[in-house]
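Residues per chain are reported as follows:
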Amino acid sequence: MAEIKIAKTLDVRGMYCPGPVMETAKAIKEIGIGEVLEVLATDPAARPDIEAWARRTGQQILDIQQQEGVTRILIKRVK
Amino acid sequence: MFSGTIDKLIPVGILASGAAASGYEVNLFFTFWGLMNITKKALQNQPSPIDKNYEQMGPMMIKKMQEMKYPMWYELIKQAKEIGEVKVYACSTSMEFFGIKREDLADFVDDVVGVTTFLDKAEGGITLFI
């Protein structure tokens, strides 16, 4: 996969539902359309919830990785 | 929102903020015991009491939430209002029952309405009676 340029990193490690989704919704508005937001979370609900949030809000998930209890999600702002 | 115990208020805060973040329009109608929790005075006396059935769990739950740095239910509602389309309504009849005036209500309350407004807003959407 080609190198993805990250415009902003959101660290919500230690936050619980609905914190990660709420912070993601705020952070996506702080980057430009076409830019990528990186989210780091430890809440096990972060992955399914941010996936559902992206489907609802029409944003695009580029990549999800899970390592040592941390979920890293790359989201492209498309609208 | 009909109930007035903390174990019901917290899920309302969670549902409202999660929905607001995901682009749902959210209308919260506080009536009866729920209404009693959206006065300025009630917000100063948090946490609200827990349901009698779970009384013994109360202190442990509150302690754990503090450890988790979990926001109070009304903080979730305030955040929901910042990020999305969220309106909070107070029931006029309940206000009269309990002698609550418009100026007694918390700042996040948008309007005082009745059942017809609630039904009108709820039509076609997901309605939860909590």
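Structure shown above.
Residues numbered from 1 in each chain as written. Chains lettered and ligands numbered in written order. Predicted model: local features only at pLDDT ≥ 70, side-chain atom pairs only at ≥ 80, totals over all residues.

(A) Representation of the overall build of chain B in the model. Of regular secondary structure, chain B possesses seven helices and three strands. Counting only residues that meet the buried cut, chain B has 33% of its 130 residues in that class. (Helix = DSSP H or I, 4+ residues; strand = E, 2+ residues; numbered from the N terminus. Buried ≥ 20, exposed ≤ 12 C-beta atoms within 10 Å, placed from the backbone.)

(B) Representation of the packing of helix H1 (residues 6-21) of chain B against helix H5 (residues 73-83) of chain B in the model. Residue and element names in this part refer to chain B. Two elements in contact, H1 and H5, have axes separated by 8 Å at closest approach and are oriented at 15°. One way to sum up the angle between H1 and H5 is to call them roughly parallel. The two elements H1 and H5 meet at a crossing, and its hand is left-handed. Note on element contacts: H5 touches H1 through Trp73, Tyr74, Leu76, Ile77, Gln79, Ala80 and Ile83, opposite Leu9, Ile10, Val12, Gly13, Ile14, Ala16, Ser17, Ala20 and Ala21. Counted by class, the contact of H1 with H5 contains 13 nonpolar, three polar and no charged residues. (Axes fitted to C-alpha atoms, helices over the stretch in contact; angles between N-to-C directions. Parallel < 35°, antiparallel > 145°, perpendicular 65-115°, else oblique. Left-handed = near helix turned anticlockwise from the far one by under 90°. Contact = placed C-beta atoms within 7 Å. Nonpolar A, V, L, I, M, F, W, Y, C, P; charged D, E, K, R; others polar.)

(C) Geometry of unusual backbone geometry. Cis geometry marks the peptide bond from Cys17 of chain A to Pro18 of chain A, where omega comes out at 5°. The topology assignment puts Pro18 of chain A in the loop between strand S1 (8-12) and helix H1 (19-28). The amide bond that connects Gln46 of chain B to the next residue, Pro47 of chain B, takes the cis arrangement and shows omega of 0°. Note on placement: Pro47 of chain B falls in the loop between helix H3 (40-44) and helix H4 (58-67). In this model, Phe32 of chain B sits at a positive phi of 45°, which is unusual for a non-glycine residue.

(D) The interface of chain A and chain B, seen in detail. At the junction of the two partners, chain A supplies 10 residues and chain B supplies 10 residues. Of all the secondary-structure elements, those providing two or more residues to the side of chain A that touches chain B are H1 and helix H2 (46-57) of chain A. For the side of chain A that touches chain B, the element with the most residues is H1 of chain A, which contributes four residues.

(E) Representation of the packing of H1 of chain A against H2 of chain A in the model. Residues and elements named next belong to chain A. Two elements in contact, H1 and H2, have axes separated by 9 Å at closest approach and are oriented at 40°. Looking at the two axes, H1 sits oblique to H2. Crossing of H1 over H2 shows right-handed handedness. Every residue of H2 that contacts H1 at Pro20, Val21, Thr24 and Ala25 is listed here: Ala46, Asp49, Ile50 and Trp53. Its residues assigned to classes, the contact of H1 with H2 comprises six nonpolar, one polar and one charged.

(F) Structural context of the nonpolar core. Counting residues in each nonpolar core, the largest one holds 46 residues, and the members touching the most others are Val39 of chain A together with Ala16, Leu28, Phe30 and Ala90 of chain B. Broken down by element, the residue count for this core peaks at nine residues, all from H1 of chain B. Among residues more than four places away in sequence, those in contact with Phe30 of chain B are Met1, Leu35, Ile38, Val88, Tyr89, Ala90 and Cys91 of chain B. (Core = buried A, V, L, I, M, F, W, Y, C linked by C-beta atoms within 7 Å.)

(G) Local environment of the pairing of strand S1 (residues 26-30) of chain B. Residue and element names in this part refer to chain B. With five of its five residues buried, S1 lies for the most part within the structure. Burial along S1 is two-sided: Val26, Leu28 and Phe30 and Asn27 and Phe29, pointing in opposite directions, are all buried. Summarising the sheet, S1 and strand S2 (residues 86-91) pair through five bridges and their orientation is parallel. Bridge assignment links Phe29 to a residue of S2, and that residue is Tyr89. (Pairing = 2+ DSSP bridges.)

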